[in-house]
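Overview (structure and organization)
Below, each chain spelled out in residue letters.
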Amino acid sequence: MPTLRRAQRALIVLVATVPLLLVTLALLPALAVLPFRRERAAHAQAMVRQLSAWTRVLLLSSRER
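Reference entry: report on the structure contained in this document. Small disclaimer: the values here were computed from a predicted structure and weren't measured. (Residues numbered from 1 in each chain as written. Predicted model: local features only at pLDDT ≥ 70, side-chain atom pairs only at ≥ 80, totals over all residues. Heavy atoms only, no water.)

1. With respect to the overall build of the chain
Under the convention used in this document: What counts as a helix is a DSSP run of H or I of at least four residues, what counts as a strand is a run of E of at least two, and both are numbered from the N terminus. Radius of gyration here is computed from C-alpha atoms only, and the compact-globule reference equals 2.2 Å multiplied by the residue count raised to the power 0.38. For the exposure calls, accessible area comes from a 1.4 Å probe over protein chains only, and a residue counts as buried if that area is under 20% of its type's maximum, exposed if over 50%, partly exposed in between.
When you go through the chain residue by residue, the secondary structure sums to two helices and zero strands. For the chain, the C-alpha radius of gyration of 16 Å lies well beyond 11 Å, the compact-globule estimate for 65 residues. Seen through its principal axes, the chain has C-alpha atoms that stretch 55 × 20 × 10 Å. Each of the 65 residues in the chain was classed as buried or not, and the buried ones make up 14%.

2. Focus on the packing of helix 1 (residues 2–33) against helix 2 (residues 41–61)
Definition in use: Axis definition: a line fit to C-alpha positions, over the contact stretch in the case of helices; interaxial angles, taken between N-to-C directions, run 0 to 180 degrees. Any angle that is under 35 degrees is reported as roughly parallel, and any over 145 degrees as roughly antiparallel; angles of 65 to 115 degrees are reported as roughly perpendicular and all others as oblique. Contacts were defined at the residue level, with two residues in contact if any of their heavy atoms lie within 4.5 Å. All amino acids are sorted into three groups, where Ala, Val, Leu, Ile, Met, Phe, Trp, Tyr, Cys and Pro are nonpolar, Asp, Glu, Lys and Arg are charged, and the leftover types, Gly among them, are polar.
For the pair helix 1 and helix 2, interaxial distance at closest approach is 11 Å and the crossing angle is 170°. Here helix 2 runs roughly antiparallel to helix 1, going by the angle between their axes. Contacts between helix 1 and helix 2 pair Val13, Ala16, Thr17, Leu20, Val23, Thr24, Leu27, Ala30 and Leu31 from the former with Ala44, Met47, Val48, Leu51, Trp54, Thr55 and Leu58 from the latter. Residue composition of the contact of helix 1 with helix 2, by class: 13 nonpolar, three polar and no charged.

3. A few points about helix 2
To be explicit about the condition: Given a helix with a known number of residues, its expected span is that number minus one, times 1.5 Å. Here the arc refers to the set of directions running from the helix axis out to each C-beta atom.
For helix 2, spanning 21 residues, the distance from its first C-alpha to its last is 30 Å, which sits close to the expected 30 Å at 1.5 Å a residue. Among all positions of helix 2, only Ala44, Met47, Leu51 and Leu58 are buried. End-on, the buried residues of helix 2 take up no more than an arc of 60°, which puts them together on one face. The exposed set on the far side of helix 2, more than 90 degrees from its buried face, consists of Ala42, Arg49, Arg56 and Val57. In this structure, the buried side of helix 2 is in contact with helix 1.

4. Re the nonpolar core
For clarity, the threshold we go by: Nonpolar cores are built from buried Ala, Val, Leu, Ile, Met, Phe, Trp, Tyr and Cys residues. Side-chain atoms within 4.5 Å join them into one set.
Within the largest apolar cluster, seven residues are counted, these being Leu20, Leu27, Leu34, Ala44, Met47, Leu51 and Leu58. Sorting the residues of this core by element identifies helix 1 and helix 2 as the ones contributing at least two each. Per element, the largest residue contribution to this core is four residues, and it comes from helix 2.

Structure follows, in structure tokens:
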């Protein structure tokens, strides 16, 4: 039974990682350009903070309780 729970958790993390990777890849062009424009640097920082938060939630939710 513990093996089944681990497999389920691994599958959930894998399924949740795919959209996170797609969003990250979609934001890469913006993150390559925005920091070089003063008026948009804060926007780029907000995007990076959001990606970090999503990654943190994904990793913390996959831990055993």
